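One-letter residues, chain by chain:
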Amino acid sequence: ADQHGPADRITLDDEYDVHTWLSSFLAKDGKLHFLYEAQSQPPREHYVRYDVTTAKRELDLYPEVKGQRMSLLGLDGFFAARSSVPGSTLYCVGNWQGRIACLASDDNGTTWYDYAVSQQTFNPYAIGGCRELTDDGHVIGSFTDQAVTPPRVYFIRIQAGLSSAAAAGRG
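Since we're looking at a predicted model, the values are computed, not measured.

Rules behind the numbers
- Residues numbered from 1 in each chain as written.
- Predicted model: local features only at pLDDT ≥ 70, side-chain atom pairs only at ≥ 80, totals over all residues.
- Heavy atoms only, no water.
- Helix = DSSP H or I, 4+ residues; strand = E, 2+ residues; numbered from the N terminus.
- Buried < 20%, exposed > 50% of the residue type's maximum accessible area, 1.4 Å probe, protein only.
- Contact = heavy atoms within 4.5 Å.
- Lys, Arg positive; Asp, Glu negative; His and termini not counted.
- Charge placed at Lys NZ, Arg CZ, Asp CG, Glu CD.
- Disulfide = S-S within 2.5 Å.
- Core = buried A, V, L, I, M, F, W, Y, C linked by side-chain atoms within 4.5 Å.
- Salt bridge = Lys/Arg side-chain N within 4 Å of Asp/Glu carboxyl O.
- Pairing = 2+ DSSP bridges.
- Axes fitted to C-alpha atoms, helices over the stretch in contact; angles between N-to-C directions.

Regarding its fold elements, the protein chain presents one helix and 13 strands. The linear arrangement of helices and strands in the protein chain, starting from the amino end, is β-β-β-β-β-β-β-β-β-β-β-β-β-α. In terms of overall dimensions, the protein chain has a C-alpha envelope of 45 × 35 × 30 Å along the principal axes. Considering the protein chain as a whole, with its 171 residues, one finds that 46% of them fall into the buried category. In the protein chain, the proportion of contacts linking residues at least 24 apart, taken out of those at least 6 apart, comes to 45%. Looking at charge distribution, the protein chain has the averaged site of its 15 positive side-chain charges lying 5 Å from that of its 21 negative ones.

This brings us to the state of the cysteines. Scanning all chains against the criterion turns up zero disulfides. Free cysteine Cys-102: the closest other cysteine sulfur is in Cys-92, separated by 7.6 Å.

Further remarks concern the nonpolar core. Residues Tyr-91, Val-93, Ile-100, Cys-102, Tyr-115, Val-139 and Ile-158 are the most contacted members of the largest nonpolar core, which totals 18 residues. The set of elements that each furnish at least two residues to this core consists of β7 (78-81), β8 (90-96), β9 (99-105), β10 (113-117), β12 (138-145) and β13 (152-159). Core analysis: the second largest hydrophobic core is formed by 15 residues, Leu-26, Leu-59, Met-70 and Trp-112 among them.

The subject of this paragraph is the pattern of salt bridges. Under the definition given, this model contains nine salt bridges. Here Arg-57 ties to Asp-60 by a salt bridge, and the two come within 2.7 Å at their closest N and O atoms. Exposure remark for Arg-57: the relative accessible area of 31% places this residue in the partly exposed category. Through salt bridges that share partners, Lys-31, Arg-49, Asp-51 and Glu-58 make up one connected network.

Moving on: the pairing of β7. Going residue by residue along β7, you find Phe-78 and Ala-80 tucked away on one face and Phe-79 and Ala-81 tucked away on the opposite face as well. Sheet topology note: the β7/β8 ladder contains four bridges and is antiparallel. When the sheet's bridge partners are listed, Ala-81 is paired in β8 with Leu-90.

Our focus in this paragraph is the sheet that holds β13. Spatial strand order, β11-β12-β13: three strands in an open sheet with antiparallel pairing. Of all the strands in the sheet, the pair left with one neighbour each is β11 (124-129) and β13. Taking the axes of each pair of neighbouring strands and ignoring which way they run, one obtains an average angle of 25° across the sheet. The sheet contact formed by β12 and β13 spans eight bridges and is antiparallel. By the bridge assignment, Thr-144 is partnered in β13 with Val-153.

Here the amide bond leading from Gln-41 into Pro-42 is cis, since omega sits at -5°, within 30 degrees of zero. Mapping Pro-42 onto the fold places it in the loop between β2 (31-38) and β3 (44-51). The peptide bond linking Thr-149 to Pro-150 adopts the cis configuration, its omega dihedral lying at -5°. A positive phi angle, near 50°, is found at Gln-97, a position not held by glycine.

A few words now on the side chain of Asp-51. Topologically, Asp-51 is positioned in strand β3. Leave out the neighbours within four places in its chain, and Asp-51 touches Gly-30, Lys-31, Lys-56 and Glu-58.

Right, let's talk about the environment of Thr-54 for a bit. Mapping Thr-54 onto the fold places it in the loop between β3 and β4 (57-61). Separated by 72 residues in sequence, Thr-54 and Ala-126 place their C-alpha atoms 33 Å apart.

Right, dumping it as structure tokens:
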């Protein structure tokens, strides 16, 4: 623990009394990226970005984290990027209407676009994954489908590195 002063709270004041869940955190390009859901009424999904140098909150996108048509909502999800490569694409995987969806950002989280979405629907739980892209350029992860008994665990593999125009054609 840092004993040198108060910690910055990421959640908003009106979310203090509701359940929140930080589903992902990633450091990339001098920024700290957070993804969380506040189970307010209605629920709010937040993408929050802080600057590492100034420790200032730069951005908070809510009540949705969305691309052109997909918006993520849920307690689970994860970021992935090639953090060692400045300016690399930031990916965010989560739940969109029961589908596993991936949004991408080429401007360090300021704007997002639809990148990939599963054809099949699920009742996804525990969506998680590797924060770094694999050496062969994939976003990988897993999730549990609660829609079946017994629940099944699935592996996710999404080809990274497509242009935003190419990704839009895949959605």
